[in-house]
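So the chains spell out like this:
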Amino acid sequence: MSLPHRIAGNLALDLANTISRRGTDREIDHLATAADILAWSRQTGLIDDDFALPSADHEALVKDVLALRRAVSDTGSAIAHGDEPPAAALDTIRKYAAEALRTAALAGSPCRCIS
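Report on the accompanying structure. Since this is a predicted model, take the numbers as computed values, not measurements. (Residues numbered from 1 in each chain as written. Predicted model: local features only at pLDDT ≥ 70, side-chain atom pairs only at ≥ 80, totals over all residues. Heavy atoms only, no water.)

Before going further, it helps to examine the overall build of the protein. Helix and strand counts for the protein come out as four helices and two strands. Seen in sequence order, the protein has helices and strands lined up from the N terminus as α-β-β-α-α-α. The dimensions of the protein, computed from C-alpha atoms along their principal axes, are 55 × 35 × 30 Å. Across the 115 residues in the protein, those meeting the buried criterion constitute 25%. Of the accessible surface of the protein, which amounts to about 8300 Å², a share of 55% is contributed by carbon and sulfur atoms. For the protein, the distance from the average position of its 12 positive side-chain charges to the average position of its 16 negative side-chain charges is 2 Å. (Helix = DSSP H or I, 4+ residues; strand = E, 2+ residues; numbered from the N terminus. Buried < 20%, exposed > 50% of the residue type's maximum accessible area, 1.4 Å probe, protein only. Areas by Shrake-Rupley, 256 points an atom, 1.4 Å probe, with all protein chains shown as cover. Lys, Arg positive; Asp, Glu negative; His and termini not counted. Charge placed at Lys NZ, Arg CZ, Asp CG, Glu CD.)

Shown next, in the form of structure tokens:
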């Protein structure tokens with residue numbers, strides 16, 4: 001299966017757009033498996049080409065990514081219709097954002113700035 005084109009200009013919206021022909025009998029979920037999610041994550045630059053996830057973690061990855069995608073989609077849809085985003089969707093987004101910050105690591109080289 002090919003990955004969808006990233007056209008939203010925003011990673012969260014690109015995630016929400018990983019279902020083609022939504023709501024039809026021809027719907028395609030481009031992130032249905034852990035392999036799909038890892039391929040999309042490589043394409044977006046979220047992970048390096050050499051990143052590997054133990055197969056024991058694949059089920060949790062799919063569950064988490066699909067929950068986050070649903071929350072982003074529900075939030076974006078509400079905003080697009082001039083409605084308040086659902087509290088449960090915002091809670092889900094905040095949960096994953098907090099987890100990402102809690103486990104983040106900084107890497108790189110210090111800048112040698114010349115004054």
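A few words on the environment of A52. Here A52 lies in the loop between α2 (34-44) and α3 (58-80). In this structure A52 comes out as exposed when scored by relative accessible area, which is 61%. Taking the C-alpha atoms as reference points, A52 and L38, separated by 14 residues in sequence, lie 8.5 Å from one another.

With that settled, consider the layout of surface pockets. Of the volumes computed, that of the largest pocket is approximately 860 Å³. Looking at the largest pocket, it is lined by 26 residues, and the ones nearest its centre are S41, L46, L61, V65 and L68. Elements that contribute at least two residues to the lining of the largest pocket include exactly α1 (11-16), α2, α3 and α4 (87-103). Here the lining of the largest pocket is composed, by residue class, of 20 nonpolar, two polar and four charged. (1 Å grid on protein atoms, 1.4 Å probe; cavity = no way out; pocket = protein on both sides within 12 Å on 5 of 7 lines; lining within 4 Å. Points joined across faces, edges and corners; volume = space filled by probe spheres on them. Nonpolar A, V, L, I, M, F, W, Y, C, P; charged D, E, K, R; others polar.)

The geometry of α2 relative to α3 is characterised by a closest axis approach of 9 Å and an angle of 65° between their N-to-C directions. As the angle between them shows, α2 and α3 are arranged roughly perpendicular. Of the two elements, α2 crosses α3, and the hand of that crossing is left-handed. Counted together, A34, I37 and L38 of α2 and H58, L61, V62 and V65 of α3 form the full contact between these two elements. Per-class residue counts for the contact of α2 with α3 are six nonpolar, one polar and no charged. (Axes fitted to C-alpha atoms, helices over the stretch in contact; angles between N-to-C directions. Parallel < 35°, antiparallel > 145°, perpendicular 65-115°, else oblique. Left-handed = near helix turned anticlockwise from the far one by under 90°. Contact = heavy atoms within 4.5 Å.)

Let us now look at α3. A rise of 1.5 Å per residue sets the reference length of α3, with its 23 residues, at 33 Å; its end C-alpha atoms lie 32 Å apart and thus fit the reference within 8%. Within the span of α3, buried status applies to L61, V62, V65, L66, R69, A71, V72, S73, T75 and A78. Tucked into the core, α3 has its buried residues touching α1, β1 (19-20), β2 (28-29), α2 and α4. Two residues or fewer past α3, G82 is found with a positive phi of approximately 75°. (Expected span 1.5 Å × (residues − 1).)

On to unusual backbone geometry. In the Ramachandran plot, R21 falls in the positive-phi region, its phi being about 55° despite a non-glycine side chain. With respect to the secondary-structure elements, R21 resides in the loop between β1 and β2. A relative accessible area of 42% means that R21 is categorised as partly exposed.

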